[in-house]
Amino acid sequence: METGPQQDETQASGLLDAVGPAFSRLRRGAALNAEKPIARKDLSRSLVLGVTEEGSTREGGEVTVGVIAERLGIDPSAASRLVSDCISEGYLLRTASQVDGRRTILQLTAAGREMLTDFRHHQRSAYEHITRDWPDHDRLEFARLLIKYVDSLARLQTRPDEH
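Parameters at a glance
- Residues numbered from 1 in each chain as written.
- Predicted model: local features only at pLDDT ≥ 70, side-chain atom pairs only at ≥ 80, totals over all residues.
- Heavy atoms only, no water.
- pLDDT = per-residue confidence, 0-100.
- Helix = DSSP H or I, 4+ residues; strand = E, 2+ residues; numbered from the N terminus.
- Phe/Tyr/Trp six-rings, centres within 6.5 Å; stacked < 30°, edge-to-face > 60°.
- Buried < 20%, exposed > 50% of the residue type's maximum accessible area, 1.4 Å probe, protein only.
- Lys, Arg positive; Asp, Glu negative; His and termini not counted.
- Salt bridge = Lys/Arg side-chain N within 4 Å of Asp/Glu carboxyl O.
- Contact = heavy atoms within 4.5 Å.
- Core = buried A, V, L, I, M, F, W, Y, C linked by side-chain atoms within 4.5 Å.

A. Here's a closer look at the confidence of the model for the protein chain. Scored by pLDDT, the protein chain comes out at a mean of 85, with 85% of its residues at no less than 70. Ranking the helices and strands of the protein chain by mean pLDDT puts helix α5 (residues 76-88) first, with 96, and helix α2 (residues 19-29) last, with 75.

B. Local environment of the packing of aromatic side chains. In this structure the tally under the stated criterion is 2 aromatic pairs. Relative to Phe-142, the ring of Tyr-127 has its centre 6.3 Å away and its plane inclined at 5 degrees; by these criteria the two rings are stacked. Of the two residues, Tyr-127 is situated in helix α6 (residues 110-130) and Phe-142 in helix α7 (residues 136-158); the sequence distance between them amounts to 15 residues. Residue Tyr-127 is classed as partly exposed on the basis of its relative accessible area of 24%. Residue classification places Phe-142 among the partly exposed residues on the basis of a relative accessible area of 37%. Aromatic side chains Trp-134 and Phe-142 sit 5.6 Å apart centroid to centroid with 75 degrees between the ring planes, which places their arrangement in the edge-to-face category. By relative accessible area, which is 34% here, Trp-134 ends up partly exposed. Taken together, Tyr-127, Trp-134 and Phe-142 form an aromatic cluster joined through their ring pairs.

C. Molecular detail of the side chain of Arg-139. Summarising the element assignment, Arg-139 is placed in helix α7. No salt bridge is formed by the buried Arg-139. Its closest oppositely charged neighbour is Asp-136, at 4.6 Å. Ignoring any residue separated from it by four or fewer positions in sequence, one finds Arg-139 in contact with Tyr-127, Glu-128, Thr-131, Arg-132 and Trp-134.

D. Layout of the pattern of salt bridges. Summed over all chains, the structure comprises 8 salt bridges. Between Asp-85 and Arg-45 there is a salt bridge whose closest N-O contact spans 2.5 Å. Of this pair, Asp-85 sits in helix α5 while Arg-45 sits in helix α3 (residues 40-58), and the two are 40 residues apart along the sequence. In this structure, a network of salt bridges that share partners links the residues Asp-42, Arg-45, Asp-85 and Glu-89.

E. Structural context of the nonpolar core. Ranked by size, the top nonpolar core spans 18 residues in total, and within it Val-48, Leu-49, Ile-68, Val-83, Cys-86, Leu-92 and Leu-106 carry the most contacts. For this core, the secondary structure elements donating two or more residues are α3, α4 (65-72), α5, β2 (104-108) and α6. In terms of residue count, α4 provides more of this core than any other element does, 5 residues in total.

Structure representation (structure tokens):
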């Protein structure tokens, strides 16, 4: 049986190799497999609303269907369908850009903000349910490290290409 630094490196390598598949499983199921699952349609809507809210502070206040497509990693026609659904549900409004009147931008409505707030409550409840058997220290440390990871990812996405 292998022990020492070689075993530690093997274990570390295996753990790091498992991160990607774990993120894939996380993306597919956390909100849907909580104690009180959320409808898939509401999950899609919350993604669009979240990007709209984030973008309104990060994109100079103007979020387009193209921004939604880019941030969600989907094609513009799929983004357009998701945005149209959010508009028909009263969560988003299409308005004229104040910077370029030829452009149409998206804005959250009061109902959209409320839906996003409800979804965030659901996310916290899901996190607490999923980690209910964890020691408090582990639960909080994982939350801290996950936020740190996402913040690092956001910084990478806002840097100009360094090719």
